[in-house]
Amino acid sequence: MDKDKKEKELKEEHHEHKEHKCDKHKDCKCEHDHECECHDKHHDHHHDKHHKHDKHHDHEKPHEHEIEKLKDQVHELEEKNHELEEKSLRNQAELINYRKRKEEETARLMKYSNESLVKEVLPILDNFERAIDMDDDNLEDEVSKFLQGFKMIYCNLVNILNQYEVKEIESLNQPFDPTYHQAVMTEKREGVEPGVVIEVLQKGYMLKDKVIRPTMVKVSE
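## Details of the pairing of strand β5 (residues 210-213)
- As paired elements, strand β4 (residues 205-207) and β5 share three bridges and run antiparallel to each other. For Met206, the partnering residue across the bridge sits in β5 and is Val211.
- Counting the residues that bridge the hairpin from β4 to β5 gives two residues, and of these Lys208 lies at a positive phi of roughly 60°.

## Examining the nonpolar core
- The biggest cluster of nonpolar side chains holds 13 residues, and the ones touching the most others in it are Val118, Leu122, Leu125, Leu161, Val166, Tyr205 and Ile212.
- The element best represented in this core is helix α2 (residues 115-132), accounting for six residues.
- In this view, Leu125 contacts Tyr154, Leu157, Val158, Leu161 and Tyr205; residues no more than four positions away in its chain are not counted.

## Re the sheet that holds strand β3 (residues 197-202)
- The strand order across the open sheet formed by three strands is β2-β6-β3, and the pairing between neighbours is mixed. Since the sheet does not close on itself, it has two edges, and those belong to β2 (181-187) and β3, each with one partner. On average, each strand axis in the sheet is inclined to that of its neighbour by 30°, with strand direction left out of account.
- The pairing of β2 with strand β6 (residues 215-220) spans six bridges and is parallel. By the bridge assignment, Glu187 is partnered in β6 with Ser220.

## Here we look at the environment of Leu207
- Secondary-structure assignment places Leu207 in strand β4.
- Its relative accessible area of 1% is what places Leu207 among the buried residues.
- Considered as a pair, Leu207 and Lys167 are 40 residues apart in the sequence and their alpha carbons are 6.7 Å apart.
- Here Leu207 is in contact with Tyr112, Asn114, Glu115, Tyr164, Glu165, Val166 and Ile212, once residues within four sequence places are set aside.

## Thoughts on the confidence of the model for the protein chain
- Here the protein chain averages 78 in pLDDT, while 71% of its residues score no lower than 70.
- Highest mean pLDDT in the protein chain belongs to β6 (96); lowest belongs to helix α1 (residues 2-111) (67).

Cut-off values and rules
Residues numbered from 1 in each chain as written. Predicted model: local features only at pLDDT ≥ 70, side-chain atom pairs only at ≥ 80, totals over all residues. Heavy atoms only, no water. Pairing = 2+ DSSP bridges. Helix = DSSP H or I, 4+ residues; strand = E, 2+ residues; numbered from the N terminus. Core = buried A, V, L, I, M, F, W, Y, C linked by side-chain atoms within 4.5 Å. Buried < 20%, exposed > 50% of the residue type's maximum accessible area, 1.4 Å probe, protein only. Contact = heavy atoms within 4.5 Å. Axes fitted to C-alpha atoms, helices over the stretch in contact; angles between N-to-C directions. pLDDT = per-residue confidence, 0-100.

This is the structure we're talking about:
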């Protein structure tokens, strides 16, 4: 009986030992499985991180495209601004030139504003001169007494015209100048060079620096 009891105890111990080993193996397997799960989780985390990075990279591409688009718009606006500045400067220059032309035109009109009136008065002045030329050296006769009033009126007219800067063009014995003279006759005269005014047929006048009537002259050949 003791022998059988010992064998039975040995068998039980052996069986317990096997179960203990099996439990250890199971525990080991559990730890291994845990490591696998951690590895998988790490792999999944790395994959998610990589996926997020790709998404971030994909997000940057449209952003860069928008920046380039904005740069193009800024460049286009700068060009338009430059064109508008040039147009504004041209308009200012044109306006300045226009004002200058208008001021010059106004000044010219003011300067020669009496031209029409003077031209109307000149024929009257010519008639007075023709009447005065009828007088002779005898100042005591009736004609001289009659023309005395004409001479006074003539002098007054000349003085008034001088006040408005109307002056006679000195032409007799002067070289012929088409700017101031109008030649209506020519004559060959001894001792006189060709192209000289030898007779004034009608006086010419200037208003300030403008010829309002050229002198009608006879010129030597």
